[in-house]
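Below are the chains, spelled out letter by letter.
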Amino acid sequence: MQENWQKYVAEAVATFAFVFVAAGSVLANAQTAGNLGPVGVALAQGLMLMAMFYCIYHLSGAHLNPAVTIALWATGHVKTLVGIGYIIAQLVGSVVAALFLKIVFIGVSPQYYLGDTVLGAGISPSMGILVEALLTFFLVWTVFATVIDKKQNSGFGGAMIGMVLAVGVMVGGQLTGGALNPARSFGPAMISSHWGVHYVYWVGPVIGALVAAFVYHFGFIKKHGG
């Protein structure tokens, strides 16, 4: 059985890598006057999540996202203390990523908040919560359908999850920044002191994750004895 400290280190390192690339793609796009483009930003995030999933799935289950961990805990797939350890590790990885972003992208305007997610023009916090909840619902539904449900053994779970994140960022990027993950926002928000509507990126993803988890777990896994 994998030691808990190894799981926590794996989650911290993988989340560090993901947040560095996710927020870094936003900063790189700003630094190059939009040469990367919204599709490039979305693909960078989706591909990095997919890569990190396959790197650490055998070590920790590859959550990389407090909303995913909370959803798995709420449906009995993760023990309470382990879940807390995962979330702490993910947030630590996010903060370390933001510290490196501050060093690497020193020339990018502070208005980008180290690549933190921001609400688009005309998007209220309540609308932001709705968007984040919907997009995270799709992400966590995919996690349960391709990874947690043991009737599905294709091995393509990581690829599907990465694809859903990428298209989620494409759709939600101009609306909320397309976080779908509290850790994606936490590190950049902390290091840039950008807390204004940070709660949106916890409330929305956690609500969406819990709804997806309960619907899939009790509607499909429990119902069919999976």
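In case you missed it, the structure is sitting above this.
Just so you know, these numbers come straight off a predicted model, no measurement behind them. (Residues numbered from 1 in each chain as written. Predicted model: local features only at pLDDT ≥ 70, side-chain atom pairs only at ≥ 80, totals over all residues. Heavy atoms only, no water.)

S.K.: Just checking my understanding: could you explain the nonpolar core for this structure?
M.R.: When a protein is soluble and globular, its nonpolar side chains tend to lie buried together. Among the nonpolar cores identified, the biggest contains 40 residues, and Phe18, Leu64, Val140, Phe144, Ile148, Ile161 and Leu165 are the most heavily contacted of them. Listing elements by their share of this core, those giving two or more residues are helix 1 (4-31), helix 2 (37-60), helix 3 (66-74), helix 4 (80-104), helix 5 (125-148), helix 6 (157-172) and helix 8 (200-221). Looking at which element gives the most residues to this core, the answer is helix 5, with nine residues. With residues near it in sequence (within four places) discarded, Val140 still touches Val68, Ala71, Ala209, Ala212 and Ala213. Judged by nonpolar contacts, the second largest core, of 10 residues, contains Ile87, Ala183, Phe186 and Val206. (Core = buried A, V, L, I, M, F, W, Y, C linked by side-chain atoms within 4.5 Å. Buried < 20%, exposed > 50% of the residue type's maximum accessible area, 1.4 Å probe, protein only. Helix = DSSP H or I, 4+ residues; strand = E, 2+ residues; numbered from the N terminus. Contact = heavy atoms within 4.5 Å.)

S.K.: What is the right way to read the pattern of salt bridges from this model?
M.R.: Charged atoms that come close allow side chains of opposite charge to pair. Inspection of every chain in the model, using the stated rule, returns one salt bridge. In this structure, the salt-bridge partner of Lys151 is Asp149, at a minimum N-O distance of 2.9 Å. (Salt bridge = Lys/Arg side-chain N within 4 Å of Asp/Glu carboxyl O.)

S.K.: Even after reading the chapter, I still don't get the packing of aromatic side chains, so can you show me in this structure?
M.R.: A ring pair, where both rings are aromatic, is described by two values, the distance of the centres and the angle of the planes. Within the structure shown, the criterion is met by 13 aromatic pairs. On the basis of an interplanar angle of 90 degrees and a centroid distance of 6.0 Å, the ring pair of Tyr8 and Tyr86 is categorised as edge-to-face. Residue Tyr8 is found in helix 1, and its partner Tyr86 is found in helix 4; the two are separated by 78 residues along the sequence. For Tyr8, a relative accessible area of 22% gives the class partly exposed. Note on Tyr86: relative accessible area 3%, which makes it buried. Taking 5.7 Å as the distance between ring centres and 90 degrees as the angle between the ring planes, the aromatic pair formed by Trp141 and Phe220 counts as edge-to-face. Of this pair, Trp141 sits in helix 5 while Phe220 is found in helix 8, placing the two residues 79 residues apart along the sequence. Look at Trp141 and you get partly exposed, because its relative accessible area is 28%. (Phe/Tyr/Trp six-rings, centres within 6.5 Å; stacked < 30°, edge-to-face > 60°.)

Function cannot be inferred from these measures alone, as they are strictly geometric.
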